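A structural walkthrough
As a plain string of letters, each chain reads:
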Amino acid sequence: MQCGFAAGSPCEVTCTRVTLPDLCGHLFLDWNFSFAGLIVEEGASEWQLRYAFYGDGDAGWVHVLVAAPLAEKTFPSIVKFVHAADWHEREAEDLFGIHFEGHPRLGDFILHDDAWQEGVEPMRRKFDPREAMRHRKPDEDWRPHRIVQEPGAFVMPVGPKYSGVTESVHFLLETVGEDVIRSTPRLFYKWRAIEKLAEGKSADEVLLLAERFAATTAFAHGLAFCQAAETVCGANVPPRAMTLRVFLAELERLRQHAGAIQEICESTALAVANAHAGICEEELLRISGEITGHRYLFGLLTLGGLLCDLANDACAKALEKSQKVLSQLNALEKHLRVSSSFLDRLEEVGIVPERTAMVYGLLGPIARASGMVRDLRRAQPYLGYENIQFDVPFEEEGDGYARLRILFAEARQSVRIMEQAVGALQSGNVRERIELRAGAALGWVEAPRGGAFHWVRLDGNGKVARYRIIPPSFANWHGFHLSVEKFAFQDFPIMLSTFDLSVAENDR
Amino acid sequence: MSQWVINGIRAGIKTTAYPGKPETAAGVTPGLPVGGDYPANDVNSLISLCPTRVFSNSDSQILVDPRRCIHCYRCIRDIERPVNWEQTYEWGTIRDGQHEFGQPFERSIHICVVDAGDCGACLNEVKQLNNPYYNMHRLGFFITPTPRHADVLLVVGPVTDHMKFALRKVYDAMPTPKRVVAVGACALTGGVFAESFVCARGVADVLPVDVEVPGNPPPPLAILHGLLVVTGRKTPATWAGSKTIKT
Ligand code: SF4
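The rules behind these values
- The residue count restarts for each chain, going from 1 along the sequence in the order it is written.
- The order in which chains are written sets their letters, starting at A; the order in which ligands are written sets their numbers, starting at 1.
- In keeping with the predicted nature of the model, local features appear solely for residues at pLDDT of at least 70, side-chain atom pairs appear and are counted solely at 80 or more, and the whole-chain, interface and lining totals rest on all residues.
- Side-chain descriptors were evaluated using all non-hydrogen atoms of the structure, hydrogens and water having been removed beforehand.
- Helix and strand definitions follow DSSP, with helices as H or I runs of at least four residues and strands as E runs of at least two, each counted in order from the N terminus.
- With the radius of gyration taken over C-alpha atoms, the globule rule is written as 2.2 Å times the number of residues to the power 0.38.
- Throughout this description, buried means an accessible area under 20% of the type-specific maximum (1.4 Å probe, protein chains only), exposed means over 50%, and partly exposed covers the range between.
- Surface accessibility in these figures is a Shrake-Rupley result with a 1.4 Å probe; residues are shielded only by whichever protein chains are displayed.
- Neither His nor the chain ends is counted toward charge; the positive residues are Lys and Arg and the negative residues Asp and Glu.
- By convention, charge coordinates are those of NZ in Lys, CZ in Arg, CG in Asp, or CD in Glu.
- Here a residue is near a molecule or strand as soon as one of its heavy atoms is found within 4 Å of it.
- Think of it as three bins: nonpolar holds Ala, Val, Leu, Ile, Met, Phe, Trp, Tyr, Cys and Pro, charged holds Asp, Glu, Lys and Arg, and polar takes everything else, Gly as well.
- Two strands are said to pair when DSSP picks up at least two bridges between them.
- Residues are treated as being in contact if the distance between any of their heavy atoms lies within 4.5 Å.
- Axis definition: a line fit to C-alpha positions, over the contact stretch in the case of helices; interaxial angles, taken between N-to-C directions, run 0 to 180 degrees.
- The quantity reported as buried area is the accessible area (1.4 Å probe) lost by two parts once they are put together, taken as the sum for both.
- Any Lys or Arg side-chain nitrogen located within 4 Å of an Asp or Glu carboxyl oxygen qualifies as a salt bridge.
- Within a predicted model, pLDDT stands for the predictor's per-residue confidence, ranging from 0 to 100.
- We call Phe, Tyr and Trp rings a pair once their centres come within 6.5 Å, taking the six-membered ring for Trp, and we label the pair stacked below 30 degrees between planes, edge-to-face above 60, and tilted otherwise.
- We count a charge as sitting over a ring when the NZ of a lysine or the CZ of an arginine lies within 6 Å of the ring centre and within 35 degrees of the ring normal.
- Patch construction takes residues with relative accessible area above 30% that form no salt bridge. Like charges are linked within 9 Å, and nonpolar side chains (Val, Leu, Ile, Met, Phe, Trp, Tyr) are linked within 5 Å.

A few words on the overall build of chain A. The number of helices and strands found in chain A is 16 helices and 15 strands. Radius of gyration (C-alpha) of chain A: 22 Å, near the 23 Å computed for a compact globule of 508 residues. On the principal axes, the C-alpha backbone points of chain A span a range of 65 × 60 × 45 Å. Looking at chain A as a whole, 65% of its 508 residues are labelled buried. When the accessible surface of chain A is summed, it comes to about 18,000 Å², and 51% of that surface belongs to carbon and sulfur atoms. Positive and negative side-chain charges of chain A, numbering 54 and 70 respectively, have mean locations separated by a distance of 4 Å.

Summing up its helical and strand segments, chain B has 6 helices and 11 strands in all. At 19 Å, chain B has a C-alpha radius of gyration in line with the 18 Å of a compact globule built from 247 residues. For chain B, the spread of C-alpha atoms along the three principal axes comes to 65 × 45 × 30 Å. For chain B, with 247 residues in total, the buried portion stands at 59%. Accessible surface for chain B amounts to roughly 9,900 Å². Of this, 50% is attributable to carbon and sulfur atoms. Computing the positive centroid from 24 side-chain charges and the negative centroid from 22, chain B places the two 7 Å apart.

What follows is about the site of the ligand. Around the ligand, 13 residues are found, and the nearest of them are Cys-50, Cys-69, Cys-72, Tyr-73 and Cys-75 of chain B. Along the lines of polarity and charge, the residues of the shell around the ligand split into 11 nonpolar, 2 polar and no charged.

A few words now on the sheet that holds strand β3 (residues 55-58) of chain B. Hydrogen bonds between backbone atoms are what pair the strands of a sheet, whose relative direction is either parallel or antiparallel. Residues and elements named next belong to chain B. Judged by pairing direction, the sheet is antiparallel, and its 3 strands sit side by side in the order β2-β4-β3 without closing on themselves. In this open sheet, the two edge strands, each paired with only one partner strand, are β2 (36-37) and β3. Packing against the sheet, helix α2 (residues 40-49) makes contact with β3 and β4 (61-64), and its axis sits at approximately 155 degrees to β3.

Bringing the interface of chain A and chain B into the picture now. Taken residue by residue, the interface counts 72 residues in chain A and 59 residues in chain B. Both faces combined, the contact of chain A with chain B buries some 5,400 Å², and carbon together with sulfur accounts for 62% of it. If you sort the residues of chain A by the area they bury against chain B, Lys-161, Val-165 and Arg-286 of chain A come out on top, with a joint share of 13%. Counting across the interface, chain A meets chain B through 8 salt bridges.

On average, residues of chain A score 87 in pLDDT, and 97% of them are at 70 or above. Ranking the elements of chain A by mean pLDDT puts strand β1 (residues 2-4) of chain A last, at 52, and helix α6 (residues 239-267) of chain A first, at 93.

Another aspect to go through is unusual backbone geometry. Cis geometry marks the peptide bond from Tyr-18 of chain B to Pro-19 of chain B; its omega dihedral reads 10 degrees. Secondary-structure assignment places Pro-19 of chain B in the loop between α1 (2-10) and β1 (32-34). Omega for the bond connecting Asn-216 of chain B with Pro-217 of chain B falls within 30 degrees of zero, at -5 degrees, which places this linkage in the cis form. Mapping Pro-217 of chain B onto the fold places it in the loop between β11 (211-213) and α6 (220-230). You will see that Glu-348 of chain A, though not glycine, has its phi angle at about 55 degrees, which is positive. Note that Glu-348 of chain A resides in the loop between α9 (340-346) and α10 (354-360). Looking at Glu-348 of chain A, the relative accessible area reads 63%, which means it is exposed. Despite not being glycine, His-71 of chain B has its phi angle at roughly 50 degrees, a positive value. Secondary-structure assignment places His-71 of chain B in the loop between β4 and β5 (84-86). You can call His-71 of chain B buried: its relative accessible area is 0%.

All names here are of chain A. For the structure shown, the criterion picks out 23 aromatic pairs over all chains. Pairing Trp-61 with Trp-444 gives two aromatic rings, centres 4.5 Å apart and planes at 45 degrees, and the pair type is tilted. Of this pair, Trp-61 sits in strand β5 (residues 61-69) while Trp-444 sits in strand β13 (residues 439-447); the two residues are 383 residues apart in sequence, bridging distant segments of the chain. For the pair shown, Trp-61 and Trp-444 are each scored as buried. Within the aromatic cluster, the residues linked to one another by ring pairs are Tyr-162, Phe-171, Trp-477, Phe-480, Phe-492 and Phe-499. When the ring centre of Phe-474 is taken as origin, the NZ or CZ atom of Arg-508, which lies over that ring, is 4.7 Å away.

A grouping of Glu-118, Asp-139, Glu-140 and Asp-141 of chain A is seen on the molecular surface, where their side chains present a negatively charged patch. Within the secondary structure, Glu-140 of chain A sits in the loop between β7 (99-101) and β8 (153-158).

Pasting the structure below:
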C-alpha cells in the first residue's frame, strides 16, 4: 500500500485488488468516512478505479486507487462493507463491462435489457457516441425481477408515465394486501449519457451540459464542475465572484426547498397549503429571473468566476424579497404544524433509521432528517463557507415529517447565509481568465438535494477527457425503497415527495 | 380547518391578467435573442460563438432561429457587441405544414404531460401552471394523468432512447382528434443533448408535432401561450428576422 500527500489535495492511497475491500470497509465503517463515489477511468493500457471518501475537516479526502491491465476486467466488489457503492458498481459493470466479484446483482441497470443487447459498453473509449446504434438485439424475454413469493402477492408496475406532471421512472411495487413489501425503482429512462457526450468537448461546452442535465439544481452542478476544472488549472476565483456564487447557490437552495415543500403539500392534497407553497416557489423563481435574467440561473457561471456581475443593490433587493418569501414559508410551517390531517400522513411514516441511512450513504436533507449530520459546506468547505455563520439543522426521527421540518429549517439558514453574503460583497472584478492545463480533480458542492461530486480530467488541449458526475439523487434513489417498504400503499406518493428525488439528476 | 380558509383569503388574488392583458412583472421570462443589424466583421465570430447554432447571416443582418436557443447568454454577456434581446414570452408557433386545430380544441382541453428525458426545468415550469400565479384551470386547461382522456399531448425533453416506446404508446392510446405540443429547446431540436446515440433530436423525430414552444426552459407564460394557440385563442408567434436552421 502506498500513500501520497500534497497540501490541499486528497490523500491518494494505492492498493491492490486483494486489499481493496478491507481498506474501503475500514474507511467507511470504522473511521467514519463517507463514500463519495467510484470513478472509473480507462487509460491507454490500464484501468484505474478511484474510490473517493471524505471525512469531517482535517480528516479530508481519501482516494483509494486500484489499477489493472485493460484485459483484466474483474475487480472485487466492496459492497459487502460499503453498501453505498452498490449502484456505482452496477453502473460501471453496465457501461464499462467491468465485473465486480461478489456483487449480488449486476446487469439491467442503466442499459435496459429490453432495449439493449448484452456486451454494449458505451463508456469504453472505442465507442463512438455520435453514431446512432442501429443494430439492436434486445432480450425479448426480459421480465422484471420479482422477489416476494407469498400467497396473495401482487406486483404493481407503475410508470414510466404514471401521474400528472411527473418525471419518468418506473416502480415495481410488490404488495400483499394494503402494504408495499418491496419497491424496486427502475431508473434511467431518461439516461442521456452526459458523461460520454462530454468526452472530447471543450470545458466551456461541458459546462453547458453540467448546468443542463438537472436544471432544477443547475447552479450547484455547474458550480461543482467549475470548481473541479478550476482546481485543475490552479485558478484564483476573484473574491467578489466567490461571494456572489455563495449568494446564488443559497438562492437556488431556497427555491428548490420551497418547490419540495410544495410537492409535499400537493401529495397530501392540502389545497390551500399547496397554493401557498406554490406562490413561494414562483416568487423565488421570479426573484432569480429578475436579478440574473434566468429563472433557473443558467448562463452565470464560467470557468474562473461569473460571466456577468450583479449590482450590489440588485442583490440587496433580491435578498429583501427573499426574506419576505421566507416569512411566508415560516407562516406556512406554523399552520402545517397544527393541521392534524396533514401530520397524520407524515408522522411515523416512511422511517429511515440513522444506521440504515449511513449504510446506504444517503445525502442531504434526507440524511440529516435521520440524524446524519454531514454537510459538505461544513465538512469540507468551499467558496469560503468556513467563514460564514450557519447551522446545519438535523432531526432524529427519520420520518416524513422530520424531512419536511429539515426543508423549512434549511430555508431559514439559506436566507441567513444570503444576508451575510450581501453584507460581505467586495468590490472588484468577477472573472479571472484562466489557462487550461492538463490534469484531473474532484469538485464538490452541497447541492440542495445533497452532496454533488464532479470529477473532471482535462487533456493538454483544454478538452475534457473524462467527466464523472455523482449527483445526490443517485445515492438517495438507492435508499428510497427503505421509506416505502412495510408501509401502506397510499403512503407511497407522499413518501416519494418527502424524498425530493430528481430523476433527471440521477439518470444523467 | 377554518384557519386554512382564512389564510387562503388573506393571500389575496395573485393570478396573472394574461391572456387578457400582458404580464409586466419582472422575472417571468428569460427572453430570447432577436435578429437585426450586426457589424459585418463580427458576424462570423458571433455565429461560431453560439453553441447551438442559433444565428445565421444574410447581408450584414443576423437571423435567429429561436427554437435552438439554450439561454447560455454568451451572445450578450462578457462580449463586446451583444445581440438584441427581447423579454417577450408569446413564443408558441404552429409547426410548418400543420393545419388549424378547429372546433374540437376550442373549449376546455385535457392535457397529458410526458417527460421524455427533460432536465427537470421544463417540467417544473409546466408544474407552475397550476400555481395561483398562472392557474391554468381558469382557462379550461386541465392536466390528466391518463392518455385516454387527453386531447393534447405535451412533451418535454429530447426523447431518450428508453422513452421512445412509452411516448409512442401514450400517443397511440389517445383518442382522435389529438394534437402534440413540444415544449422546450430539447423537445424541438435536442438542445445540448442532440448528436447522441441515446437521444432523438426532439419530439418530431418520433411523433407529428403541431405546436412548438421554444425556450430552455420556456417560462410558464410561454407554455400557456402555446396552449392558447392550440385552442385558437391566441395567434402564433411570428419571429421577425428568423430563419429555421435544419440539422
Ligand atoms: S443565449 Fe441562445 S442565442 Fe445566445 S449564444 Fe446562447 S444559445 Fe446562442
